[in-house]
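# Fold and contact review
Below, each chain spelled out in residue letters.
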Amino acid sequence: MVEWLRDVGMPAEYVNKLARMFQDIKVSDDLNTDFKEKNKGSLTADLVSLKVLNAGAWSRSSERVPVSLPTELEDFIPDVEEFYKKKHNGRKLTWHHVLSNGSITFQNQVGKYELEITTFQMAVLFTWNQRSDDRISFDSLRLATELPDPELRRTLWSLVAFPKMKRQILVCEPQAGTPKDFTEGTLFYVNQQFGLVKQGKLQKRGKINLIGRLQLTTEKTREEDNEGIIQLRILRTQEAIVKIMKMRKRMTNAALQIELIEILKKHVYTSKEDDKGT
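Conventions adopted
- Going along each chain's sequence as written, the residues are numbered from 1 onward.
- Side-chain atom pairs in this predicted model are given and counted only at pLDDT of 80 or more, local residue features only at pLDDT of at least 70, and totals for whole chains, interfaces and linings cover all residues.
- To obtain the side-chain values, all non-hydrogen atoms of the structure were used and water was disregarded.
- The helix count covers DSSP runs of H or I at least four residues long, the strand count covers runs of E at least two residues long, and both are numbered beginning at the N terminus.
- Only protein chains enter the accessibility calculation, which uses a 1.4 Å probe; a residue whose area is less than 20% of its type maximum is buried, one above 50% is exposed, and one in between is partly exposed.
- The contact rule is simple, with two residues in contact once any of their heavy atoms fall within 4.5 Å.
- Residues are called lining when one of their atoms sits within 4 Å of a cavity or pocket point, these points coming from a 1 Å grid over the protein atoms alone, where a cavity is a set in which a 1.4 Å probe fits but cannot get out and a pocket is an open set with protein on both sides within 12 Å along at least five of seven lines.
- Grid points are joined across faces, edges and corners, and a volume is the space filled by probe spheres set on the points.
- Ten residue types, Ala, Val, Leu, Ile, Met, Phe, Trp, Tyr, Cys and Pro, are classed as nonpolar, four, Asp, Glu, Lys and Arg, as charged, and the remainder, Gly among them, as polar.
- Strands are treated as partners if at least two bridges between them are detected by DSSP.
- The term nonpolar core refers to a set of buried residues drawn from Ala, Val, Leu, Ile, Met, Phe, Trp, Tyr and Cys, joined through side-chain atoms within 4.5 Å.
- Here an axis means a line fitted to C-alpha atoms, over the contact stretch when the element is a helix, while the angle between two N-to-C directions is reported on a 0 to 180 degree scale.
- Roughly parallel covers angles under 35 degrees, roughly antiparallel covers those over 145, roughly perpendicular covers 65 to 115, and oblique covers all other angles.
- Here a crossing is taken to be left-handed if its near helix is turned anticlockwise relative to the far helix by less than a right angle, and right-handed if that turn runs clockwise.
- Known as pLDDT, the predictor's confidence for each residue is given on a scale from 0 to 100.
- In this analysis, the expected span of each helix is defined as 1.5 Å times one less than the number of residues it contains.

### Re the overall build of the protein chain
Along the protein chain, the regular secondary structure elements total twelve helices and eight strands. Here the protein chain holds 278 residues, and the buried ones make up 32% of them. Taking as baseline every contact in the protein chain between residues at least 6 positions apart, the subset at least 24 positions apart corresponds to 62%.

### Examining the layout of surface pockets
Approximately 1500 Å³ is the volume attributed to the largest pocket. Around the largest pocket sit 42 residues that line it, and S49, L50, K51, W95 and S100 are the ones nearest its centre. For the lining of the largest pocket, the secondary-structure elements that each account for two or more residues are α2 (12-38), α3 (43-47), α4 (55-58), α5 (71-74), α6 (77-87), β1 (101-107) and α7 (119-125). In terms of residue class, the lining of the largest pocket is built from 23 nonpolar, 13 polar and six charged.

### Thoughts on the pairing of strand β5 (residues 187-190)
Of the strand pairs in this sheet, strand β3 (residues 136-137) and β5 are connected by two bridges, and their pairing is antiparallel. In the sheet register, I136 faces β5, and the bridge partner there is F188. Of the pairings in the sheet, the one linking strand β4 (residues 170-173) to β5 comprises four bridges and is antiparallel in character. Bridging across to β5, C172 finds its partner in F188.

### Re unusual backbone geometry
The omega torsion across E173 and P174 is -5 degrees, close enough to zero to call that bond cis. Relative to the assigned elements, P174 resides in the loop between β4 and β5. Positive phi outside glycine occurs at K164, with the angle close to 70 degrees. Mapping K164 onto the fold places it in the loop between α9 (149-160) and β4. Here K164 falls in the exposed class, since its relative accessible area comes to 83%. Non-glycine residue Q199 carries a positive phi angle of around 50 degrees. With respect to the helices and strands, the residue Q199 is situated in the loop between β6 (196-198) and β7 (201-203). For Q199, a relative accessible area of 84% puts it in the exposed group.

### A few points about the nonpolar core
Core analysis: the largest hydrophobic core is formed by 37 residues, its most contacted members being L115, L156, I169, L170 and F188. Looking at this core, the elements with two or more residues in it are β1, β2 (112-118), α7, α8 (138-145), α9, β4 and β5. If you look at the next biggest cluster of nonpolar residues, it comprises nine residues, including L31, F35, V52 and Y84.

### Brief notes about the packing of α8 against α9
Remark: α8 packs on α9, axes separated minimally by 11 Å, with the N-to-C direction vectors making an angle of 110 degrees. Taken together, the axes of α8 and α9 are roughly perpendicular relative to one another. The two elements α8 and α9 meet at a crossing, and its hand is right-handed. On α9, the residues that touch F138, L141, R142 and T145 of α8 are D149, L152, R153 and L156.

### Looking at the confidence of the model for the protein chain
Per-residue confidence for the protein chain gives a mean pLDDT of 82; residues scoring 70 or more make up 80%. Contacts of residues 269-278 to residues separated by more than four positions or lying in other chains number one contact, the stretch itself having pLDDT below 50.

### Description of α9
Over its twelve residues, α9 runs 16 Å from end to end, which matches the ideal 16 Å to within 8%, given 1.5 Å per residue. Of all twelve residues that make up α9, nine are buried, and the element is covered over most of its length. Taken together, the buried positions of α9 are occupied by E151, L152, R153, R154, T155, L156, S158, L159 and V160.

### Re the packing of α2 against α6
Running from N to C, α2 and α6 point in directions that differ by 115 degrees, and their axes come no closer than 11 Å. As judged from the angle between their axes, α2 and α6 are roughly perpendicular. By crossing handedness, the relation of α2 to α6 is classed as right-handed. Taking contact as the criterion, the partners of L31, D34, F35 and K38 in α2 are, on α6, D79, V80, F83, Y84 and K87. Partitioned by chemical class, the residues of the contact of α2 with α6 number five nonpolar, no polar and four charged.

Written out as structure tokens, the structure reads:
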């Protein structure tokens, strides 16, 4: 795939980044095998799956999003760091919890369910771990999880208004129409009637993915993504100009623009609104 992308003219910077991604996947698989073998028979080996990724290839943001992890997760971190340090002396792990996820078991009077959730969702839900009947304010959840305001709002919204879920895992009072409607005094509590509904029937057991289309990005990364798109277009334009001039040697500016448009139109799509404005 990598070679094919080079052949079709994908900028070298992006092809090299993709190659590092494939390499990281292989390295992570090997690390997981070694880690589970070293900790064979322990709880850590059964519950932890490692993804050690090259920041330059994978990280979509230069900033780490702060979060207070549940104790159950915090306890695993020293074991992982010690293992990695012995395997790769001199390298440092930087934890990006915004990119991680996991599974937990949720049980109530309706049934028992396996929930696939983001680490941020986990941090929020574990606030009720020892007090399942409590009503907790938005402000208290912010203090407990240490999540920035935008991330906390997005995470809570995914738990009170997850698309297509008949019964949400959290309920808020007063009801909100958007994440922006949450105030410091908004109260959240666990829905004891939460359950999985299939074809109109309530299931007592099942696996539920609550990650869905929840964006694992911050407000900052949206700006960075847009900047990345702009930079990619600049690179494509520069490479196209070089390619044309190598072939033509000399040509007028108008002729260059015509050929440039002909090459780039395969890669750049505009909406009807954009076309009308040009």
